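Below, each chain spelled out in residue letters.
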Amino acid sequence: MRLFPGKRPRDLGPRDGALAPCPDSPNCVHSGAADRRHAIEPFPVHGKPAAAMQRLHEIVSAMPRTEVLEAKPDYLYAECATRVLGFVDDLEFLYDGRAIQVRSASRLGYSDLGVNRKRVERIRRVYEATYNDKASDT
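Overview of the structure. (Residues numbered from 1 in each chain as written. Predicted model: local features only at pLDDT ≥ 70, side-chain atom pairs only at ≥ 80, totals over all residues. Heavy atoms only, no water.)

**With respect to the pairing of strand β2 (residues 66-72)**
Pairing of β2 with strand β3 (residues 75-81) involves six bridges; the strand directions are antiparallel. Across the sheet, T66 pairs through a bridge with C80, a residue of β3. Here β2 folds back onto β3 in antiparallel fashion, the turn holding two residues. (Pairing = 2+ DSSP bridges. Helix = DSSP H or I, 4+ residues; strand = E, 2+ residues; numbered from the N terminus.)

Written out as structure tokens, the structure reads:
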């Protein structure tokens, strides 16, 4: 249940090959951010970019309270709701030709207590593990 969904931001999606910057509040992480509070590493691409994006789509789709709303060969957008009150965060991935850029931001409030960063790092662990598993199979 989404009690506090907030309004979907209008600046979602790729613009000139990049994702929108984070707001000043600490409830956002972005692989394109220059400041430590918001910065997070992009996802590396192992093999074909389309396969990497498909893998992210599968991982994100399997997450509880998460709905993928847009999936293209180079872009993935999902809404993630918190367990208790249903606050919605926007999660985006964009393949920029070198790596997969990521942005995860809360729609409402000021602090997210690190939820967006933890989510992205949890996704990263599964993403990397799936590549390592596939590499060990060959």
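**Overview of the state of the cysteines**
One pass over the structure, following the stated rule, counts one disulfide. Bridging C22 to C28, the disulfide has an S-S length of 2.1 Å. Looking along the S-S bond of the C22-C28 disulfide, the torsion reads about -70°, which is the left-handed sense. Take C22: its relative accessible area is 18%, and that puts it in the buried class. For C28, a relative accessible area of 1% corresponds to the buried category. Between C80, a free cysteine, and C28, which holds the nearest cysteine sulfur, the sulfur-to-sulfur gap is 13 Å. Look at C80 and you get buried, because its relative accessible area is 2%. (Disulfide = S-S within 2.5 Å. Buried < 20%, exposed > 50% of the residue type's maximum accessible area, 1.4 Å probe, protein only.)

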